[in-house]
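# Structure at a glance
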Number of protein chains: 2
Amino acid sequence: MMNNTKNFDKSREQNSLESAEDYTELIYDLISLKGEARVVDIAASLGISHVTAIRTISRLEKKGFLITKSRSPITLTKKGTSLALFSKNRHQTLLKFLLFIGVPKQVAEKDVEGMEHHVSKTTLKTIESYMGQHT
Amino acid sequence: MMNNTKNFDKSREQNSLESAEDYTELIYDLISLKGEARVVDIAASLGISHVTAIRTISRLEKKGFLITKSRSPITLTKKGTSLALFSKNRHQTLLKFLLFIGVPKQVAEKDVEGMEHHVSKTTLKTIESYMGQHT
DNA sequence: ATGTTAATGTAGCCTAGGCTACAAAGCTAG
DNA sequence: CTAGCTTTGTAGCCTAGGCTACATTAACAT
Ligand SMILES: [Mn+2]
Ligand SMILES: [Mn+2]
Ligand SMILES: [Mn+2]
Ligand SMILES: [Mn+2]
């Protein structure tokens, strides 16, 4: 107890990456599946208004994750693609793990969407290794 | 992919409970350990300014989790105590689980602080049962 | 008893993420 | 080719959660 300052801090810092992770992951998937990522589809997939999507996307552009061109589909930068791939992999691994220990699929899919953003690389590695040994 | 609207939604809704969970848990611990919970200690423990702590605490009071009295220590309502106990238990369980699968203590303690808020009751139960069977 | 320090509170500013209402641009059918 | 949807964009508002600077209150020590 007490003196967990750093843990809380980290938890909050990381939060600023959550959007980047969810958006890049989603944009990557939209491009794979539909050929392009449009604001409308992003907003629909995230269950938010297109206005909110536009503003978040514009922030992510400033941070170098993606590129927008007025009334054109959104594309990921190298940095954005990296983050998307990393996020997709982590999402996948965590989902598999929850299923592995017996969490029902519906629940696992819901929980992973939030949990994923707080799983460190070390924990991810540990999960992978644990599943490897317990098959 | 696509159509994960509800999962994202849930992930965001739940977010509004995060503060309540962290604050009630912390206040509960402060009372146990120091005999009372004061703004200064809450702010220090969370690594934020006392001003931010005061404002969040006042929001939590409006939501019925705690009671403040000018320049007096903070107390938890029944609702707040319930949430604290639930959060502490969930924190404990998740931490034990991460340690169980081999995550180093420092890392586990950091990750759990964020992850805990996204672990559903179903997943928590699953974790407990899994650990019970694999001891 | 009073001066200093510590704790609490207020004012006012910022960013991220939400929203509605409205405006403009672009596609698509008829 | 133009009328009407669809998509994108803008203006302006809100809340949560951050902050600094300053004010006030309470506690403590000399
Ligand atoms: Mn997510
Ligand atoms: Mn995800
Ligand atoms: Mn926490
Ligand atoms: Mn906790």
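Everything in this summary refers to the structure shown in the same document. (Residues numbered from 1 in each chain as written. Chains lettered and ligands numbered in written order. Predicted model: local features only at pLDDT ≥ 70, side-chain atom pairs only at ≥ 80, totals over all residues. Heavy atoms only, no water.)

## Details of the packing of aromatic side chains
- All chains considered together, the criterion is met by ten aromatic pairs over all chains.
- Between the aromatic rings of F97 of chain B and F100 of chain B, the centroid separation amounts to 6.4 Å while the plane-to-plane angle is 20°, which identifies the pairing as stacked. Placement of the pair is F97 of chain B and F100 of chain B together in helix α4 (residues 78-101), with a separation of three residues, close to one helical turn.
- Accessibility expressed as a relative area gives 3% for F97 of chain B, which makes it buried.
- Residue F100 of chain B is classed as partly exposed on the basis of its relative accessible area of 31%.
- An aromatic cluster is built from F97, F100 and Y130 of chain A together with F97, F100 and Y130 of chain B, whose rings are joined through pairwise contacts.
- Between K79 of chain A and the ring centre of F65 of chain A, over which it is positioned, the NZ or CZ distance is 4.4 Å. (Phe/Tyr/Trp six-rings, centres within 6.5 Å; stacked < 30°, edge-to-face > 60°. Helix = DSSP H or I, 4+ residues; strand = E, 2+ residues; numbered from the N terminus. Buried < 20%, exposed > 50% of the residue type's maximum accessible area, 1.4 Å probe, protein only. Lys NZ or Arg CZ within 6 Å of the ring centre and 35° of its normal.)

## Some remarks on the coordination of the manganese ion (ligand 3)
- Protein-derived ligands of the manganese ion (ligand 3) are D22 of chain B (OD), E113 of chain B (O), E113 of chain B (OE), E116 of chain B (OE) and H117 of chain B (NE2), with the metal-ligand distances lying across 2.1 to 2.3 Å.
- The sequence pattern formed by the donor residues of the manganese ion (ligand 3) is D-x90-E-x2-E-H. (Donors = N, O, S within 2.8 Å, 3.2 Å for Na, K, Ca; no water.)

## Quick look at the packing of helix α2 (residues 39-46) of chain A against helix α3 (residues 50-62) of chain A
Residue and element names in this part refer to chain A.
- The contact between α2 and α3 brings their axes to 8 Å, and the two run at 110°. As summarised for this structure, α2 and α3 are arranged roughly perpendicular, according to the angle between their axes. Along its contact with α2, which presents V39, I42 and A43, the element α3 presents H50, A53, I54 and I57.
- When its residues are assigned to classes, the contact of α2 with α3 shows six nonpolar, one polar and no charged. (Axes fitted to C-alpha atoms, helices over the stretch in contact; angles between N-to-C directions. Parallel < 35°, antiparallel > 145°, perpendicular 65-115°, else oblique. Contact = heavy atoms within 4.5 Å. Nonpolar A, V, L, I, M, F, W, Y, C, P; charged D, E, K, R; others polar.)

## Concerning the packing of helix α6 (residues 121-133) of chain A against α4 of chain B
- It is at 9 Å that the axes of α6 of chain A and α4 of chain B come closest, and there the two elements cross at 60°. As the angle between them shows, α6 of chain A and α4 of chain B are arranged oblique. For the pair α6 of chain A and α4 of chain B, contact is made by T123, T126, I127 and Y130 of chain A and by L98, F100 and I101 of chain B, respectively.
- Of the residues in the contact of α6 of chain A with α4 of chain B, the class split is five nonpolar, two polar and no charged.

## Quick word on the pattern of salt bridges
Residue and element names in this part refer to chain A.
- What the rule picks out here adds up to ten salt bridges over all chains.
- Between E36 and R38 there is a salt bridge, and its shortest N-O distance comes to 3.3 Å.
- Residue classification places E36 among the partly exposed residues on the basis of a relative accessible area of 31%.
- For R38, a relative accessible area of 29% gives the class partly exposed.
- Residue E128 is joined to K125 by a salt bridge in which the shortest nitrogen-to-oxygen separation is 2.9 Å. One end of the pair, E128, and the other, K125, are both in helix α6, three residues apart, so they sit about a helical turn from each other. (Salt bridge = Lys/Arg side-chain N within 4 Å of Asp/Glu carboxyl O.)

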